[in-house]
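Structural features, examined
Below are the chains, spelled out letter by letter.
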Amino acid sequence: MNILAIDTSSSCGSIAISNDNNIRYISYLDLQTTHSERLMPQIDYGLKQAEMKINQINLVAYSNGPGSFTGIRIGLATAKGICFALGIPLVSFNTLEILAYSFKGYSRNILAFMDARMNEVYAALYTPELKEIIAPCN
């Protein structure tokens, strides 16, 4: 299965392309330009680097936040457009849960947080098995 993953929930977004559980391409988007300017060119470049065509993508995954409203909207619109054009499924993932995943199986609860700007953070608390204790909030 070929998957395109898109995260535009923060100012430094990313994309990844995988093929049968192997990451073929990963890129972090430039902080100096907006997601609307960099996302599509980066997806196009990533597909070329992965030696794939857009019609070979079987599924698109995107970050549904928490995070920047505008960034999430740009990522979702892009993901939905690709899925609609190709007739493929779209799945979402929570940014904080993905951050916590790196610590799955540790012996203590996992507090995942990220900058929400203006002296605030987005945060969520998970068990070592990634069961939600406190839902994402700011």
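So, how was this worked out
Residues numbered from 1 in each chain as written. Predicted model: local features only at pLDDT ≥ 70, side-chain atom pairs only at ≥ 80, totals over all residues. Heavy atoms only, no water. Core = buried A, V, L, I, M, F, W, Y, C linked by side-chain atoms within 4.5 Å. Buried < 20%, exposed > 50% of the residue type's maximum accessible area, 1.4 Å probe, protein only. Helix = DSSP H or I, 4+ residues; strand = E, 2+ residues; numbered from the N terminus. Contact = heavy atoms within 4.5 Å. Pairing = 2+ DSSP bridges. Axes fitted to C-alpha atoms, helices over the stretch in contact; angles between N-to-C directions. pLDDT = per-residue confidence, 0-100. Salt bridge = Lys/Arg side-chain N within 4 Å of Asp/Glu carboxyl O.

**A word on the nonpolar core**
Counting residues in each nonpolar core, the largest one holds 18 residues, and the members touching the most others are L4, I6, I17, I43, I57 and V60. At the level of secondary structure, the elements contributing two or more residues to this core comprise β1 (2-7), β2 (14-19), α1 (35-49), β4 (59-63) and α2 (69-86). Residues in contact with L4, not counting those within four places in the same chain, are A16, I17, I43, I57, L59, V60, A61 and I82. In this structure, L96, A100, M114 and A116 belong to the second largest nonpolar core, which totals ten residues.

**Observations regarding the sheet that holds strand β8 (residues 132-137)**
Sheet architecture is open: three strands sit in the order β6-β7-β8, paired in antiparallel fashion. Both outer strands of the open sheet, β6 (110-117) and β8, are each paired with one neighbouring strand and no more. Here the average twist between neighbouring strands, direction ignored, is 20°. Where strand β7 (residues 120-126) meets β8, three bridges bridge the pair, whose relative direction is antiparallel. By the bridge assignment for β8, Y126 is matched with E132.

**Focus on the sheet that holds strand β5 (residues 90-93)**
Consider a sheet: its strands pair through backbone hydrogen bonds, and that pairing is either parallel or antiparallel. Spatial strand order, β3-β2-β1-β4-β5: five strands in an open sheet with mixed pairing. The sheet terminates laterally at β3 (22-28) and β5, the two strands that pair on one side only. With direction set aside, neighbouring strand axes in the sheet form an average angle of 15°. Of the strand pairs in this sheet, β2 and β3 are connected by six bridges, and their pairing is antiparallel. Looking at the pairing, A16 lines up with I26 of β3. The sheet strands contacting α2 are β1, β4 and β5, and the helix crosses β4 at an angle near 170°.

**Focus: the confidence of the model for the protein**
When the pLDDT values of the protein are averaged, the result is 93; 96% of them are 70 or greater. The spread of mean pLDDT over the elements of the protein runs between α1, the lowest at 91, and β1, the highest at 97.

**Focus: the pattern of salt bridges**
Enumeration over the complete set of coordinates arrives at one salt bridge. A salt bridge links D44 to K48; its shortest N-O distance comes to 3.2 Å. Remark: K48 and D44 occur in helix α1; sequence separation between them is four residues, near one turn of the helix. Residue classification places K48 among the exposed positions, given a relative accessible area of 55%.

**Some details on the pairing of β1**
With six bridges joining them, β1 and β2 adopt antiparallel strand pairing. From the neighbouring strand, I6 faces β2, where its bridge partner is I15. Following β1, the chain reverses through six residues before pairing antiparallel with β2. The pairing of β1 with β4 spans four bridges and is classified as parallel. Its bridge partner lying in β4, I6 is registered against Y62.

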